[in-house]
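Working through the structure, step by step
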Amino acid sequence: MNIALKVWRQKNSQTPGKMVDYKLSDVSPDMSFLEMFDVLNEELSHKGEEPVAFDHDCREGICGMCSMYINGRPHGPETGTTTCQLHMRSFNDGDTIVVEPWRARAFPVIKDLVVDREAFDRIIQAGGYVSVNTGSAPDANDILIPREIADEAMDAAQCIGCGACVAACKNASAMLFTAAKISQLAVLPQGHAEHQLRAERMVAQMDAEGFGACSFTGACSVECPKSISLDHIARLNREYLGAKLASNNA
Ligand code: SF4
Ligand code: FES
């Protein structure tokens, strides 16, 4: 395959970026999208040019690092697929592919296609855990959990924190991510004890990070590589409302 690329190049967060054109020939349809970038970077290095900076770690759809906006869609054209699991056979010979970083104020560009997603870490630090104040963590099998509840928690726990939901949202909202992290704990007995405090703290941190509000358009769920359901946002709203009513009554 012969491919034309338009890639966002940006030296650092202080310097303005621009699209740069590249051409690649003999691209195998069985290459992953990141392998295609490896080939491009090798060619750039041979020519003495700066390789394109991009994030990746597992290359197995697990770590959520491979944040690329491809032809106007986070993680590219396939449903339920991360950039690292996307293959060149999803494109046609002669295609022009436009690749940009996530665009959101809360995810500043570090370099080229790499953005800073520490805002997500700070949302988790605000409450995305179960407190264990004495002794060690109880054995997971001590508390029996009905199958449907465990499945619901696992559905939410599939979120890999990639940030595609934020990139897809016209408001750059982090509601789907935050909702998944709240849901996976709220439905389990171990996490239920702190469910309201957790919702209050994580939403406050989400707002403090500069993410936008949710207008329930649903682009986040459509573009999420793990197909996290909007139902979790509904649960987050219930948890948050409950927390606010409880603290007002107190
Ligand atoms: S909800 Fe989906 S799109 Fe958002 S961070 Fe989690 S896995 Fe990525
Ligand atoms: S590199 Fe880990 S999910 Fe893509």
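Labelled according to an unreviewed UniProt entry, the protein appears under the name Succinate dehydrogenase/fumarate reductase iron-sulfur subunit, originating from Larkinella terrae. Heading Sequence similarities (unreviewed entry) of the UniProt record for the protein holds this comment: "Belongs to the succinate dehydrogenase/fumarate reductase iron-sulfur protein family."

1. Re the overall build of the protein
When helices and strands are counted, the protein shows nine helices and seven strands. Expressed along its principal axes, the backbone C-alpha trace of the protein runs to roughly 65 × 40 × 35 Å. Across the 250 residues in the protein, those meeting the buried criterion constitute 45%. Here the contacts in the protein between residues at least 6 apart in sequence split such that 69% fall between residues at least 24 apart. Entry remark: accessible area of the protein is about 12700 Å², with carbon and sulfur atoms responsible for 50%.

2. Comments concerning the site of ligand 1
The immediate surroundings of ligand 1 are formed by 13 residues, with Cys 159, Cys 162, Gly 163, Cys 165 and Cys 224 found nearest. Elements with a minimum of two residues in the shell around ligand 1: α4 (164-168) and α5 (175-186). Grouping the amino acids of the shell around ligand 1 by side-chain chemistry returns 11 nonpolar, two polar and no charged.

3. Brief notes about the packing of aromatic side chains
For the structure on display, the rule yields eight aromatic pairs. A centroid spacing of 3.6 Å and a plane angle of 0° characterise the contact between Phe 120 and Phe 177, whose relative ring orientation is stacked. With Phe 120 in helix α2 (residues 118-125) and Phe 177 in helix α5, the pair connects residues that are 57 residues apart, well separated along the chain. For the pair Phe 120 and Phe 177, a shared accessibility class is recorded, and that class is buried.

4. Examining unusual backbone geometry
One non-glycine residue, Asp 112, lies in positive phi territory at about 45°. Looking at where Asp 112 falls in the secondary structure, it is placed in the loop between β6 (109-111) and β7 (114-115). Judged by relative accessible area, which is 2%, Asp 112 ranks as buried. The phi dihedral of Phe 216 is positive, around 55°, even though this residue is not glycine. Tracing the chain through its elements places Phe 216 in the loop between α7 (195-208) and α8 (219-223).

5. Structural notes on the pairing of strand β5 (residues 96-100)
Of the two faces of β5, the one lined by Ile 97 and Val 99 is fully buried and the one lined by Thr 96, Val 98 and Glu 100 carries no buried residue. Pairing geometry for strand β1 (residues 3-9) and β5, over four bridges, is parallel. Of the residues in β5, the one forming a bridge with Val 7 is Val 99. Across two bridges, strand β3 (residues 69-70) lies against β5 in antiparallel orientation. Residue pairing for β5: Tyr 69 is matched across the bridge by Glu 100.

6. Focus on the nonpolar core
Within the largest apolar cluster, 36 residues are counted, with the highest numbers of intra-cluster contacts made by Phe 107, Phe 120, Val 166 and Phe 211. Looking at this core, the elements with two or more residues in it are α2, α4, α5, α7 and α9 (231-249). Here the element with the most residues in this core is α5; it accounts for six residues. Looking at this core, you find at least three residues from each of domain 1 (3-110) and domain 2 (117-246).

7. What to know about the sheet that holds strand β4 (residues 73-74)
Spatially, β2-β1-β5-β3-β4 is the arrangement adopted by the five strands of the open sheet, whose pairing is mixed. Each of the sheet's edge strands pairs with one partner strand only, and the pair in question is β2 (18-24) and β4. Bridge analysis of β3 against β4 gives two bridges, and the strand direction is antiparallel. Residue pairing across strands places Tyr 69 opposite Pro 74, the latter belonging to β4. Across the face of the sheet, helix α1 (residues 33-46) comes into contact with β1, β2, β3 and β5 while running at roughly 90° to β2.

Cut-offs used in this document
- Residues numbered from 1 in each chain as written.
- Chains lettered and ligands numbered in written order.
- Predicted model: local features only at pLDDT ≥ 70, side-chain atom pairs only at ≥ 80, totals over all residues.
- Heavy atoms only, no water.
- UniProt positions renumbered as here; feature names shortened; annotations may be inferred.
- Helix = DSSP H or I, 4+ residues; strand = E, 2+ residues; numbered from the N terminus.
- Buried < 20%, exposed > 50% of the residue type's maximum accessible area, 1.4 Å probe, protein only.
- Contact = heavy atoms within 4.5 Å.
- Areas by Shrake-Rupley, 256 points an atom, 1.4 Å probe, with all protein chains shown as cover.
- Near = heavy atom within 4 Å.
- Nonpolar A, V, L, I, M, F, W, Y, C, P; charged D, E, K, R; others polar.
- Phe/Tyr/Trp six-rings, centres within 6.5 Å; stacked < 30°, edge-to-face > 60°.
- Pairing = 2+ DSSP bridges.
- Core = buried A, V, L, I, M, F, W, Y, C linked by side-chain atoms within 4.5 Å.
- Domains from an automatic or database assignment.
- Axes fitted to C-alpha atoms, helices over the stretch in contact; angles between N-to-C directions.

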